[in-house]
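Descriptive analysis of the structure
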Amino acid sequence: MENTNKNIAWIDTAKFIGIFLVILTHTIGNLGLLKTGIFELINNFCNLFYMPLFFVLAGYLYKQKNRSQNYNKILWSLLIPYLIYQFLYLPFVIGNKVLYHHLPIFDVTKKCLIGILLGDVNSDVDWYQGVCFPCWFIMVIMQLRLLFANINITTQKLIGLSLLSIIIIKILTVNHIDLFGCLDNTLMAIPYFSLGYLLKNKFKLENYIETFSKFKTCIYIAPLVIILLLILKFNGFIIYARVTYNIQANQSLLLIFLAGIVGSLMVILFSSLFSTSSSFIKTIGKNTLFIIYFHFQLIFFMSWMRFKTYIYSANKASFLFFVLFLSLVNLVICYFAIKFLKRYCPIVLGKGLTK
């Protein structure tokens, strides 16, 4: 078989860790703690690698099929859920702009529809309005799959494409150019996606993982953490939404990519310590696209928890556990939502593909 149970377990665990870190950092931001002690460190550290991790895993799991199969999978697993998520957000965005900002409903709707077509988050232009903020990630995955569905993948092409992407990203950041349609995010993701594909098909990562003892794995993880902390200290971090807009002039692009790669390998190695995964972790790991969308809504409804300043000043350690617990609660709610949708409306999860 192509994958052993252990391989499947570590992939699910890695995706679980990645999505938990996404929820954790967004919870920290929602509670207004981005500039507060340990929470600032956690947020900045995780932002170094959790989005690259998803791109690496997407490349690792990618299987080149014929174009018809690839397009069919893109349609059912990505495009349809993308449109569902965007249009579920649409009434809230239009209502907010019309009722609270007193903007004309026709103009707002037109700008929102353009925003859905592009998939971008809010930009500095006035002719479109971003709708579902986390959907930029799904747009990038769609573009990656379209790209790789139309090339005959070889190691040389992947290396060449990755180098070309890095050069273009550098040109964009130097000239402060923010591409529309999430194209700059896709360019940023190509090297990570290519690395994931090579780890699976060229370097046979699973074979190496199987030979590592738990002690040896822990020994490898420790220096990776140190490297990430050093990069964070001397190069800072970036937000991968509107990536070229967020890269600063004093930041090294190569160190940004190195942090994404090192952090992804760190999570993969840590995940390999677990030879099995529970039903909860498997369910979360196989439905990360839905959670990327749904957890954002849950965090929005948790925004009433603005009493954080008093609790934080009273007991910092307890509040750290509270934030971790709140993030886990968010994930548990997502889990039950997935179980419900899997039974009654699987198309929302991207499971509408008929065999």
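In this report, the structure presented in the accompanying data block is examined.

Calculation notes
- Residues numbered from 1 in each chain as written.
- Predicted model: local features only at pLDDT ≥ 70, side-chain atom pairs only at ≥ 80, totals over all residues.
- Heavy atoms only, no water.
- Core = buried A, V, L, I, M, F, W, Y, C linked by side-chain atoms within 4.5 Å.
- Buried < 20%, exposed > 50% of the residue type's maximum accessible area, 1.4 Å probe, protein only.
- Helix = DSSP H or I, 4+ residues; strand = E, 2+ residues; numbered from the N terminus.
- Contact = heavy atoms within 4.5 Å.
- Axes fitted to C-alpha atoms, helices over the stretch in contact; angles between N-to-C directions.
- Parallel < 35°, antiparallel > 145°, perpendicular 65-115°, else oblique.
- Left-handed = near helix turned anticlockwise from the far one by under 90°.
- Nonpolar A, V, L, I, M, F, W, Y, C, P; charged D, E, K, R; others polar.
- Expected span 1.5 Å × (residues − 1).
- 1 Å grid on protein atoms, 1.4 Å probe; cavity = no way out; pocket = protein on both sides within 12 Å on 5 of 7 lines; lining within 4 Å.
- Points joined across faces, edges and corners; volume = space filled by probe spheres on them.
- Salt bridge = Lys/Arg side-chain N within 4 Å of Asp/Glu carboxyl O.
- Phe/Tyr/Trp six-rings, centres within 6.5 Å; stacked < 30°, edge-to-face > 60°.
- Bend = angle between axes of the 7 residues up to and from the residue.
- Polar contact = N/O pair within 3.5 Å; in protein donor to acceptor, adjacent residues only side chain to side chain.

Turning our attention to the nonpolar core. Nonpolar side chains tend to gather and get buried jointly when the protein is soluble and globular. Within the largest apolar cluster, 112 residues are counted, with the highest numbers of intra-cluster contacts made by Phe55, Trp136, Leu144, Met188, Tyr240, Phe290 and Ile291. No other element matches helix H1 (residues 5–30), which puts 12 residues into this core. Not counting residues up to four positions away in its chain, the partners in contact with Ile291 are Ile19, Ile23, Ile284, Leu331, Cys334 and Ile338.

Our next topic: the packing of helix H4 (residues 67–100) against helix H6 (residues 135–149). Where H4 meets H6, the axes come as close as 10 Å, and the angle between the chain directions of the two elements is 170°. With respect to each other, H4 and H6 are oriented roughly antiparallel. Of the two possible hands of crossing, H4 and H6 adopt the one that is left-handed. Only Cys135, Ile138, Met139, Ile141, Met142, Arg145, Leu146 and Ala149 of H6 make contact with H4, whose side of the interface consists of Arg67, Asn70, Tyr71, Lys73, Ile74, Leu78, Leu79, Tyr82, Tyr85 and Gln86. Tallied by class, residues from the contact of H4 with H6 come to 13 nonpolar, 2 polar and 3 charged.

As a further point, take the packing of helix H3 (residues 50–61) against helix H12 (residues 253–271). With their axes 8 Å apart at the nearest point, H3 and H12 run at an angle of 70° to one another. In terms of orientation, H3 and H12 fall into the roughly perpendicular class. Residues Pro52, Leu53, Val56 and Leu57 of H3 touch H12, and the partners they reach there are Gly260, Ser264, Val267 and Ile268. For the contact of H3 with H12, the per-class residue count stands at 6 nonpolar, 2 polar and no charged.

With 15 residues, H6 ought to run about 21 Å at 1.5 Å a step, and its terminal C-alpha atoms sit 21 Å apart, in line with that. The element H6 is largely enclosed, with a buried count of 13 among its 15 residues.

Counted according to the given criterion, the structure contains 1 cavity of 30 Å³ or more. The computed volume of the largest cavity comes to approximately 60 Å³. Forming the boundary of the largest cavity are 13 residues, of which Asp120, Val121, Asp178, Asn185 and Arg242 lie nearest the centre. Among the residues making up the lining of the largest cavity, the classes are represented as 6 nonpolar, 3 polar and 4 charged.

Take the pattern of salt bridges next. Tallying each qualifying case throughout the model produces 2 salt bridges. Here Lys286 and Asp12 are joined by a salt bridge, their closest N and O atoms 3.7 Å apart. Taken as a pair, Lys286 in the loop between helix H13 (279–285) and helix H14 (288–301) and Asp12 in helix H1 lie far apart in primary sequence, 274 residues in all. Accessibility expressed as a relative area gives 2% for Asp12, which makes it buried. Among the ionic pairs, Lys111 bridges to Asp126, the shortest N-O distance being 3.5 Å. Of the two residues, Lys111 sits in helix H5 (residues 105–118) while Asp126 sits in the loop between H5 and H6, which places them 15 residues apart along the sequence. Residue Lys111 is classed as partly exposed on the basis of its relative accessible area, which comes to 24%.

Let's shift gears to the packing of aromatic side chains. The tally for this structure, following the rule as stated, stands at 26 aromatic pairs. Note on Phe45 and Phe49: the rings are 5.6 Å apart at their centroids and 80° apart in plane angle, and the pair reads as edge-to-face. For Phe49, a relative accessible area of 2% translates into the label buried. Each ring, one from Trp127 and one from Phe180, has its centre 5.0 Å from the other, and the planes form 70°; the classification is edge-to-face. Taken together, the residues span a long stretch of sequence, with Trp127 in the loop between H5 and H6 and Phe180 in the loop between helix H7 (155–174) and helix H8 (183–201) at a distance of 53 residues.

Positive phi values are uncommon outside glycine, yet His102 reaches one of about 55°. A relative accessible area of 66% means that His102 is categorised as exposed. The phi torsion at His176 lies on the positive side, around 55°, for a residue other than glycine. Examined against the element boundaries, His176 turns out to sit in the loop between H7 and H8. Assessed through its relative accessible area of 69%, His176 is described here as exposed.

Now for H4. Compared with the 50 Å implied by 1.5 Å per residue over 34 residues, the 46 Å span of H4 between its first and last C-alpha is a close match. Of all the bends in H4, the largest measures some 40° and sits at Leu75. You can read the cap of H4 off the contacts: a side-chain oxygen lies 3.2 Å from the backbone nitrogen of Ser68, and it is on Asn66. Count one or two residues on from H4 and you reach His102, which has phi positive near 55°.

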